[in-house]
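Tertiary structure, described
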Amino acid sequence: MHKGRAKLLQGNEAIALGALAAGCNFFAGYPITPASEITEFMSRELPIRGHPFLQMEDEIASLGACIGASLAGRKAMTATSGPGFSLMQENLGYACITEVPVVVVDVMRAGPSTGMPTHSSQGDVQQARWGTHGDHPAIVLCPATVLECFELTVTAFNHAERFRTPVILLADEMTAHTREKVALPEPGEIEVIDRRRPTVPPDWYVPYKTDGSLIPRLADLGEGYRYHVTGLVHDERGFPTERLEEVQAFSTRLFAKISRNFPYLEQVKAFRIEDAEILVIAYGCTARAARAAVRIGRERGLKIGLLQILSIWPFPRRSVEAALEGKRAVLVPELNMGQVRREVLRVNNGRTQIVSLTKMDGSMIAPDEILARLRELK
Amino acid sequence: MKNKAPSLPGARVEVRLAGSGGQGLVLAGLVLAEAVGIYEGREVAMVQSYGPEARGGASKAEVIISDAPIDYPLCTSVDVLVALSQEAADAYCWDLKPGALILVDKDLVAHPPSSLAVALPFTAIARDKLKKVMVANVLALAAISELTGLVGRRSLEKALIARAPAGTEELNKRAIALGAKLAREYKTRQTGEALPELGSEDL
Amino acid sequence: MSTVHPSIVYDWLRHDKKFPHVWCPGCGLGIVLGSLVRALARSGLGKNEVVLVSGIGCSGRLPVYVDVGSVHTTHGRALTFATGIKLAKPELTVITVMGDGDSTAIGGNHLIHAARRNLDLTAIIVNNQTYGMTGGQFSPTTPLGARASTAAYGHIEPAFDISALCATAGASFVARATVFHVVQMDKLLLQAITRRGFNVVEVLSPCHTNFGRQNRLGSQIDMMKGFKKAAVQASRWDKMSESEREGRFPVGVLVDRDRPLYLDSYKRICETAARLRAEGQI
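**Here's the deal with the overall build of chain B**
When you go through chain B residue by residue, the secondary structure sums to six helices and six strands. Listing the helices and strands of chain B from first to last along the sequence gives β-α-β-β-β-α-β-β-α-α-α-α. Sorting the 203 residues of chain B into buried and exposed places 57% on the buried side. Carbon and sulfur atoms form 54% of the exposed surface of chain B, whose accessible area is close to 8,600 Å².

This is the structure in structure tokens:
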């Protein structure tokens, strides 16, 4: 338990508070259920601190404004749900290629299209990974509790700043709208990472030249470092290039700066998996049902355990691989048609039996449903 | 005076507050959650209905109360159901725990889901005695407190005053007192004890 | 207006990095670039105080030639990025350069809302009445009846009047220039850059490679002569009859007004919010 005073908080409020704790000082958004509470919260809190809040004309504009603000040195966030997230894919790719830190919250709701705005879903898992066109790395985090909403939003900002990349917080309607009693960490207890800015004089600054970290230093616009930012593939100086060796080097680095940090990015929570014969792998709201199922199942003598995934992309291959070891079967419950199951299958590579529990009717998967599915595995 | 109902397990108690949009069930859920969570130090989670159902139609709030961290935040087996409309009583009675406390508005729910339901005139009393129909939800909360001991009246009062608009403190205190009185009256009827008539000093 | 010494112009360009430019010989964008650089040199602003933002298309390539902070964004979205930059750092002078398709088709929504919001931004909209970079498809400003790569049988949609659109949407300052009227363009750009509010300068520019060729308008010189013939100074335009206006358009300052400035209003909001918090009211 953290030191802070206990409060009754909604997931969406915790996301907004997490952003503020991480140093978010710019927000642009567009109203959409079930993410509007985040935008409303920021519209009240940012002006108090003298920071910009914008309600833009659409989600495209919201992310555009965030990227612009981030280039000018702000820590920016936007929040949306599936339909708006689809619109953001264009500028998400821009943030990837220009390497601009920004946090995008997608509170998933039942889709496709308008779907069921007030019902939970986990249908955007693969969109969060592959939504924007072209090959690109992605960092996506998935909270299941109100406290995790807070903590993972802080982590999202830290990853965005550290790796100079957009980071997606993939929440769901259930998690975002659930209220829980939580004690949030005090400011001193929170690690806040800021982007590395150039230390050389402007004349020496080569905007996309990197040191061993593969992550270039980012200068704020208007600080004397006059450089060019473009969505075209660019050379180290930031100018468009089509030279084969420069293009290849660029794309390779864009991936490598994330992939060489896979172990650092992996985030999972294990619950009673040591002696488990059957493993449940779950994330977001479904992980809570799975945890309840494990609790109840254990009371009934079932040897089951849960691996909750928090860092859903890059997929936590090492942790999942280790957890699969020696299990008789693995159940992946999710509110989609099996978007994470296919990743588990990939990692499993034929070792153990992987079964799915999918639901697309807008309601939650209940602990009983997981237990019933587990019984079928006997 | 707290009466712990024997039907409520200590580990995890599930409360569902249901009615139609505008009856303040979501606010009631918030107040109950804060009363238990903040003022009584227990773990609490709350989920409410959203969208069209929150504005007219059947609306609900679910509050899970526990001494251990709460995993699943939705009701799976309801311990306490409050229904302030027939539609809500019909829609949200399918997952009651055997022996659950069913508390309905006597005048608005003509056909309670069970013959064991406790029917009290929350809305009528709120309207007639307090001239504010909207505090029927507060009366219901006080009745839960009185009948189950799940939450203390003082905690309810504190949580309510922190949430409700300034200037409504007296009204809310009176509503809590009245709700508790209604419930006490009911209990007395059940046990056959005589209870003095509801006097003006209680208001 | 003071003359700008060529060496100052040279100083504002990324002369050692990005030239020769990508545009077709005779394209009007080079003239717009020259005019913009002269306006910047005259503005008294330093190179570190200016950020140029563009979208996609031939105009999108303009900022890279200027030695300021330059951001080449996504198609139609320049104003959204510019809005973020300006609010993040209000002390910067933020100028967007967009094309007609860029700003009024894919970015039309952003344009009208930027005008309505009235944040201190300059929008230079280079209108060549076509999608030049992608091969001459029709844009929202392609004239009715004209030919385009996607209007082989003649264009059947009426055209937007960009200046009128921006004026209606609420821009503080709206002016139109052509690349033929360079001295006037210099002046209008300087006015727009140094003035507060959302300020638009629509610049008519020839695309002889695509629009001109498909519509048999002759060389770039012929198209420039066409601008000279059709353009009427705004002061005279008001006195002209409907029939005299046929086939012509006004140039010069079309709108110049004071509207509430977003930054000032936002500052007041912040003060109110901070006061309410200090008083414990929120």
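**Considerations on the sheet that holds strand 6 (residues 118-120) of chain B**
Strand order in the open sheet formed by eight strands is 1(A)-9(A)-2(B)-3(B)-1(B)-4(B)-5(B)-6(B), with mixed pairing between adjacent strands. The open sheet has two free edges, formed respectively by strand 1 (6-10) of chain A together with strand 6 of chain B, since each of these has just one partner strand. Each neighbouring strand pair of the sheet contributes to a mean axis angle of 20°, computed without reference to strand direction. Against the sheet, helix 1 (residues 25-37) of chain B engages strand 1 and strand 9 (179-183) of chain A together with strand 1 (12-20), strand 2 (43-48) and strand 3 (58-66) of chain B, with an angle of about 10° to strand 3 of chain B. Strands in contact with helix 4 (residues 136-148) of chain B are strand 1, strand 4 (78-83), strand 5 (96-105) and strand 6 of chain B; relative to strand 5 of chain B, the strand with the most contacts, it is inclined by about 140°.

**Description of the interface of chain A and chain B**
If you look at the interface, chain A gives 22 residues, while chain B gives 22 residues. Between chain A and chain B the total buried area reaches about 1,800 Å² when both faces are included, carbon and sulfur atoms providing 60% of it. Among the residues of chain A in contact with chain B, Leu8(A), Arg179(A) and Lys181(A) are the three that bury the most area, contributing 37% of the side total. There are one salt bridge connecting chain A and chain B. Its salt-bridge partner being Asp71(B), residue Arg295(A) comes within 2.7 Å of it at the nearest N-O pair. Between chain A and chain B we count nine residue pairs in polar contact (both at pLDDT 80 or more) in total. Put simply, the parts of the chain that give the side of chain A that touches chain B at least two residues each are strand 1, helix 7 (173-177), strand 9 and helix 10 (285-299) of chain A. Looking at the side of chain A that touches chain B, its residues break down into nine nonpolar, four polar and nine charged. In terms of strand pairing, strand 9 of chain A meets strand 2 of chain B through two bridges, oriented antiparallel. If you follow Glu180(A) over to strand 2 of chain B, its bridge partner there is Ala45(B).

**Observations concerning empty space enclosed by the protein**
Summed over the entire model, instances satisfying the criterion amount to two cavities of 30 Å³ or more. The computed volume of the largest cavity comes to approximately 70 Å³. If you trace the largest cavity, you find 15 residues lining it, with Leu92(A), Ala128(A), His136(A), Ala138(A) and Ile168(A) closest to the centre. Counting residues per element, the ones that place at least two in the lining of the largest cavity are helix 4 (82-98), helix 5 (125-130) and strand 8 (166-172) of chain A. Take the lining of the largest cavity: its biggest share by element is four residues, from helix 5 of chain A. Of the residues assigned to the lining of the largest cavity, the class counts are nine nonpolar, five polar and one charged. Roughly 30 Å³ of volume is contained in the second largest cavity. Lining the second largest cavity, in full, are Leu17(B), Leu25(B), Ala28(B), Val82(B), Leu84(B), Asn137(B), Ala140(B), Leu141(B) and Ile144(B). Taken together, the elements giving at least two residues each to the lining of the second largest cavity come down to helix 1 and helix 4 of chain B. Per element, the largest residue contribution to the lining of the second largest cavity is four residues, and it comes from helix 4 of chain B.

**Focus on the state of the cysteines**
Counted by the stated rule, this structure contains zero disulfides over all chains. The closest cysteine sulfur to the non-disulfide-bonded Cys149(A) is located on Cys142(A), 9.5 Å from its own sulfur. Unpaired in this structure, Cys58(C) has its nearest cysteine sulfur neighbour in Cys27(C), at a distance of 6.2 Å.

**With respect to the pairing of strand 10 (residues 249-256) of chain C**
All names here are of chain C. Note that strand 7 (residues 173-178) and strand 10 share four bridges and pair antiparallel. Each residue of the ladder has a partner; that of Arg176, found in strand 10, is Gly252. Of the strand pairs in this sheet, strand 9 (residues 231-233) and strand 10 are connected by three bridges, and their pairing is parallel. When the sheet's bridge partners are listed, Val232 is paired in strand 10 with Pro250.

**Some words on the domain arrangement of chain A**
Size of an interface: often given as the accessible area lost when the parts come together. Residues and elements named next belong to chain A. For chain A, the domain assignment lists domain 1 (6-189) and domain 2 (270-376). Computed from C-alpha coordinates alone, the two centres of domain 1 and domain 2 are separated by 26 Å. In this assembly, 26 residues from domain 1 lie in contact with 23 residues from domain 2. Summing the contributions of domain 1 and of domain 2, the shared interface buries around 1,900 Å²; its carbon and sulfur component is 56%. Per-residue buried area on domain 1 facing domain 2 is highest for Gln122, Val125 and Gln126; these three make up 31% of the total on that side.

**What to know about the arrangement of the chains**
The assembly contains two pairs of chains in contact; the pair sharing the most contacts is chains A and C. At the C-alpha level, the nearest point of chain B lies 12 Å from chain C, with no contact between them.

Rules of the game
Residues numbered from 1 in each chain as written. Chains lettered and ligands numbered in written order. Predicted model: local features only at pLDDT ≥ 70, side-chain atom pairs only at ≥ 80, totals over all residues. Heavy atoms only, no water. Helix = DSSP H or I, 4+ residues; strand = E, 2+ residues; numbered from the N terminus. Buried < 20%, exposed > 50% of the residue type's maximum accessible area, 1.4 Å probe, protein only. Areas by Shrake-Rupley, 256 points an atom, 1.4 Å probe, with all protein chains shown as cover. Pairing = 2+ DSSP bridges. Axes fitted to C-alpha atoms, helices over the stretch in contact; angles between N-to-C directions. Contact = heavy atoms within 4.5 Å. Buried area = accessible area lost by both parts, 1.4 Å probe. Salt bridge = Lys/Arg side-chain N within 4 Å of Asp/Glu carboxyl O. Polar contact = N/O pair within 3.5 Å; in protein donor to acceptor, adjacent residues only side chain to side chain. Nonpolar A, V, L, I, M, F, W, Y, C, P; charged D, E, K, R; others polar. 1 Å grid on protein atoms, 1.4 Å probe; cavity = no way out; pocket = protein on both sides within 12 Å on 5 of 7 lines; lining within 4 Å. Points joined across faces, edges and corners; volume = space filled by probe spheres on them. Disulfide = S-S within 2.5 Å. Domains from an automatic or database assignment.

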